[in-house]
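Structure at a glance
So the chains spell out like this:
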Amino acid sequence: MTELPLDQVRTLLAVVDEGTFDAAASALHLTPSAVSQRVKALEQRTGRVLLMRTKPVQLTGSGKVVVRFARQLAQLERDAGGELGLAGTGEPARLPIAVNSDSLATWFLPALTKVPAELRICFELHREDQDHTTALLREGLVMAAVTSSPDPVQGCSVRRLGRMRYLPVASPAFIANWLADWPKTPLRRLITDIPVVVFDRHDDMQDRFARKLTRTHGAGPLRHYVPASEGLVDAVAAGMGWGMAPRAQADPLLRTGALIDLDPDHPIDVPLFWQQWKLDSPALAAAAAAVARTAAAALSPQ
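One structure accompanies this document, and this report is about it. (Residues numbered from 1 in each chain as written. Predicted model: local features only at pLDDT ≥ 70, side-chain atom pairs only at ≥ 80, totals over all residues. Heavy atoms only, no water.)

1. Some remarks on the overall build of the protein
- Scanning the protein for helices and strands turns up 13 helices and 11 strands.
- If one aligns the C-alpha atoms of the protein with their principal axes, the spans along those axes are about 70 × 40 × 30 Å.
- Residue pairs in contact within the protein that sit at least 24 positions apart in sequence constitute 74% of those at least 6 positions apart.
- Counting every atom, the protein has about 14,800 Å² of accessible surface; 52% of that belongs to carbon and sulfur.
- Here the protein carries 33 positive and 32 negative side-chain charges, and the mean point of each set is 3 Å from the other. (Helix = DSSP H or I, 4+ residues; strand = E, 2+ residues; numbered from the N terminus. Contact = heavy atoms within 4.5 Å. Areas by Shrake-Rupley, 256 points an atom, 1.4 Å probe, with all protein chains shown as cover. Lys, Arg positive; Asp, Glu negative; His and termini not counted. Charge placed at Lys NZ, Arg CZ, Asp CG, Glu CD.)

Shown next as structure tokens:
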């Protein structure tokens, strides 16, 4: 394999992390021209186009391979510096993690507070749907991810975390306006004609629940998109539509009567897994242990 010059590899990583050549130049204390020359030289050396020169830049397939190598190399360098007692004078460890919005809003942040402070880890969280977080692992943009996929990304290990339970809920006002005949009329006959609150166009949770009831149809066409975990629950509580809410967020509102569980017998359970690069890294190991401990307490068993 042709040797990859480390200064060029680090420069490519900086461009990807900063998003533009100008921003990478500022971070590296170089001129934009020098950054561009290094990336071009690395492309010539590999014989591959590594970046699409958009704003922000986008990696090609070959670029993802090099960036994954660059991030692993940077982490190993930081870990070695820490073991040699150089952590106090060097940069803190940077740990990019992909996590779904509902975990981020409920149990995940408390997990990170349990990572020992002396490790000096800077967490960089990338919010993404749990069905798509593994894509960030493949691209080398993150080193670990909370995901719904049990199939390991190449070069990664997988650990079961537990199940996140979602409940079909609606506000009393919404039920009075849209479900006046419920429960006399079964929910399966009404659900395709009432408004629903959905996270985004990747979110199929509500459709999964509707198909569970009707056996054929998803949720209805009257859809409100609210791309925030807390915002979605707030929208449902405000009466915009029904929706699937994480149990941790729904329980307090169910107890006060602000939300009503439309079908306690048919929750949706989403299995969650922790995937991380196979690196002998104290930062990764500490984060994985803290996440696993917190998930065991916060999530339902697999």
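2. Remarks on the side chain of Gln 275
- Relative to the helices and strands, Gln 275 resides in strand S11 (residues 268-277).
- At 3.0 Å, the side chain of Gln 275 and the backbone oxygen of Asp 151 are in polar contact. (Polar contact = N/O pair within 3.5 Å; in protein donor to acceptor, adjacent residues only side chain to side chain.)

3. Re the pattern of salt bridges
- For the coordinates displayed, the defined rule picks out eight salt bridges.
- One salt bridge in this structure joins Asp 17 and Arg 71, with 2.9 Å as the shortest N-O distance. Here Asp 17 is found in helix H1 (residues 6-18), whereas its partner Arg 71 is found in helix H4 (residues 61-83), with 54 residues between them in sequence.
- For Asp 17, a relative accessible area of 31% gives the class partly exposed.
- For Arg 163, the salt bridge goes to Asp 269, with nearest N and O atoms at 2.3 Å. With Arg 163 in strand S6 (residues 156-170) and Asp 269 in strand S11, this pair connects stretches of sequence that are 106 residues apart.
- Through salt bridges with shared partners, a single network forms among Asp 17, Arg 71, Arg 94 and Glu 124. (Salt bridge = Lys/Arg side-chain N within 4 Å of Asp/Glu carboxyl O. Buried < 20%, exposed > 50% of the residue type's maximum accessible area, 1.4 Å probe, protein only.)

4. Concerning the environment of Ile 191
- For Ile 191, the position within the fold is in the loop between helix H9 (187-190) and strand S7 (196-198).
- Sequence separation between Ile 191 and Leu 179 is 12 residues, and the spatial gap between their C-alpha atoms is 8.9 Å.
- When near neighbours in sequence (up to four residues on either side) are disregarded, Ile 191 contacts Phe 209, Ala 210, Leu 213, Thr 214, Gly 220 and Trp 242.

5. As for the nonpolar core
- Trp 107, Phe 108, Leu 161, Trp 242 and Trp 274 are the most contacted members of the largest nonpolar core, which totals 56 residues.
- Per-element tally for this core: the top contributor is helix H13 (residues 282-298), with eight residues.
- In this structure Phe 108 touches Ile 97, Val 99, Ser 103, Leu 125, Val 146, Trp 274 and Val 291, once residues within four positions along its chain are discounted. (Core = buried A, V, L, I, M, F, W, Y, C linked by side-chain atoms within 4.5 Å.)

6. Some thoughts on the packing of aromatic side chains
- Tallying each qualifying case throughout the model produces three aromatic pairs.
- Where Phe 174 meets Trp 178, the ring centres are 6.3 Å apart and the plane angle is 20 degrees; that geometry is what we call stacked. Here Phe 174 and its partner Trp 178 are both found in helix H8 (residues 172-178), four residues apart, which amounts to about one turn of the helix.
- Classification of Phe 174 by relative accessible area gives buried; the value is 1%. (Phe/Tyr/Trp six-rings, centres within 6.5 Å; stacked < 30°, edge-to-face > 60°.)

7. Let's talk about the packing of H1 against helix H3 (residues 32-46)
- Following both chains from N to C, one finds H1 and H3 inclined at 115 degrees, their axes separated by 9 Å at the closest point. The angle between H1 and H3 falls in the class roughly perpendicular. Seen along the crossing, H1 lies across H3 with a hand that is left-handed. Within the contact between the two elements, H1 uses Asp 7, Gln 8, Val 9, Thr 11, Leu 12 and Val 15 and H3 uses Val 35, Arg 38, Val 39, Ala 41 and Leu 42.
- Looking at the contact of H1 with H3 residue by residue, the class counts come to seven nonpolar, two polar and two charged. (Axes fitted to C-alpha atoms, helices over the stretch in contact; angles between N-to-C directions. Parallel < 35°, antiparallel > 145°, perpendicular 65-115°, else oblique. Left-handed = near helix turned anticlockwise from the far one by under 90°. Nonpolar A, V, L, I, M, F, W, Y, C, P; charged D, E, K, R; others polar.)

8. Structural notes on the environment of Ile 97
- Position of Ile 97 relative to the elements: it lies in strand S3 (residues 93-99).
- Remark: the alpha-carbon pair of Ile 97 and Arg 127, spanning 30 residues in sequence, is separated by 8.6 Å.
- Contacts of Ile 97, omitting those with residues within four sequence positions, involve Phe 108, Phe 123, Glu 124, Leu 125, His 126, Val 142, Ala 144, Ala 145 and Trp 274.

Remember that the coordinates give geometry; whether it matters functionally is a separate question.
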